[in-house]
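Residue-level structure breakdown
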Amino acid sequence: MVQSNQKPHLVLLSAPAHLQPVIELGKRIVTCQDVKATIIVASFVQSAPAESRMVQAALATKLFDVIHLPPADISNLVEPGDKGITSLSAAMHVVKPDFQAAILGLETLPTALVVHVFAIECLGIADELKIPKYVFVSTNAWFLATIVYTPVLDKEVEGEYADKKEPFALPGCSSIRAEDLPDPMLLRTKANYREYLKIGKEIPKADGILVNSWEELQPKTLASLRDGNLLAGVVKAPIFPVGPINSEGSSALKNELFDWLDKQPTDSVLYISFGSMGGLSLEQMLELAWGLEMSQQRFIWVVHPPIEKSGSGSGPKFGNIGDDVSSYLPEGFISRTRDRGVIVPQWAPQVEILSHPSCGGFFTHCGWNSAIECITNGLPMIAWPLYAEQRMNATLLTEEMGIAVRSETLPSKGIVGREETEKMVRKIFVDEGGRQMRARVKELKLSAEKAWSNGGSSYDALTKMVKHSQKKAIAIDV
């Protein structure tokens, strides 16, 4: 039972490998509202150590309580080749009893539940507790529009979506081309598509939807999601754009890499990273290296072992983490680019690099977290989508927002040659088109800052969401 004078207590549930945006949302909720928050963490067995480190960092803020559920062992539940949403759904099925027990064991019962979109398996627990339920979509509003409209497309479209020549119309939104569809939509016979479709059907059952975007970034799509004659007729629940939700990093970080960055001119360094899961073939890595060298621009490149010898990528790693990275690069590349480039094996502090004054652009796989980090630092992008919903993110960033450039060859479909890489890099740093992109993304950076100022659109959206949950809780209790 929710008391009318009870301080709101929101429980946030993360999905495996999607913890960071949930933590950042928790920070916003606690610092912007008079609300108590508890974050409950779900993880795969293999990702548990990394998520444990995030949990410790989150606890150190002393903003909220964090409960790390026992990691989910799904080895007997999914086929070896089934990754992505199938694995996430299986993991949430495994942790559901522990999640329910964790909630019931809280000293103060929650007044509302917020689940990550890929943890939607647990949304119904709110009904058992008789509290309001919300879904947090940590990517953008166009993805939200696509996933909630997929059940409609599923009935209307025959055969594989990927074989269709004409773009798919989304009411009130930009249409989406077959080559830009999220990975689960590419094969309708696969388990990933069935789980994706299920999520699209479950989202409208929520009492509200939080999305990692803001009014000024995607006004057309957000308007459609609220218009009863357009997508609101499908999505039904109110939309709360609460972005940008992203990590701010540490300003105190110092090491050799930052000593080097401190010596570079403002807006002169290209940061290159394809995320923790993104990989390139050896053939593509060599072409990328030659293109960087030919561009004559400064860079920091986070290098992972290649995932195969030839082709565009996707497959088991054949390189090893302990290998000498020079074995994956053209002979003499490191020595020839020593004065203007830095190679970093495996991992670099991305948030801190992107916020450094010398950083002038981002060569990115277009994960939405990375895109948000780039926008909030006012940096143009080279879009290099690899998997998940990254192709539609790349299209959004290049065609709708005009803050990125991308290759004519889709990186997930073929090899992008060195000349095209050189052209893209020089467009960002040298050409007039790059200056225009830089000006546009700096406008978006200001809009992001304004959105979270007192009275800004995202600040107000979060306030409305908390009030909505309080009213809904009282209505449920009656």
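Since the model is a prediction, treat every value here as computed from it, not as a measurement.

Another point: the nonpolar core. Among the nonpolar cores identified, the biggest contains 102 residues, and Phe99, Ile300 and Leu397 are the most heavily contacted of them. Both domains that furnish three or more residues to this core are identified here as domain 1 (9-243 + 453-477) and domain 2 (256-430). Sequence-distant contacts of Phe99, that is, excluding residues within four places in its chain, are made with Val11, Leu13, Ile40, Leu69, Leu113, Cys122 and Ile125. Counting 31 residues, the second largest nonpolar core, distinct from the first, contains Cys32, Val35, Phe240 and Trp452.

Below, the discussion takes up the packing of aromatic side chains. The final tally for this structure, using the stated rule, is 9 aromatic pairs. Between the aromatic rings of Tyr271 and Phe362, the centroid separation amounts to 5.3 Å while the plane-to-plane angle is 35°, which identifies the pairing as tilted. Linking Tyr271 in strand E8 (residues 269-273) with Phe362 in strand E11 (residues 359-364), this pair joins segments that are 91 residues apart in sequence. You'll find Tyr271 and Phe362 in the same group, each marked buried. Taking the centre distance of 6.4 Å and the plane angle of 90° together, the rings of Trp301 and Phe333 count as edge-to-face. Within this pair, whereas Trp301 is found in strand E9 (residues 298-303), its partner Phe333 is found in helix H11 (residues 333-336), the two being separated by 32 residues in sequence. Assigned by exposure class, Trp301 and Phe333 land together as buried. Connected via pairs of aromatic rings, a cluster forms that spans Tyr161, Phe168 and Tyr193. When the ring centre of Tyr161 is taken as origin, the NZ or CZ atom of Arg188, which lies over that ring, is 4.3 Å away.

Reading guide: rules and limits
Residues numbered from 1 in each chain as written. Predicted model: local features only at pLDDT ≥ 70, side-chain atom pairs only at ≥ 80, totals over all residues. Heavy atoms only, no water. Core = buried A, V, L, I, M, F, W, Y, C linked by side-chain atoms within 4.5 Å. Buried < 20%, exposed > 50% of the residue type's maximum accessible area, 1.4 Å probe, protein only. Domains from an automatic or database assignment. Contact = heavy atoms within 4.5 Å. Phe/Tyr/Trp six-rings, centres within 6.5 Å; stacked < 30°, edge-to-face > 60°. Helix = DSSP H or I, 4+ residues; strand = E, 2+ residues; numbered from the N terminus. Lys NZ or Arg CZ within 6 Å of the ring centre and 35° of its normal.

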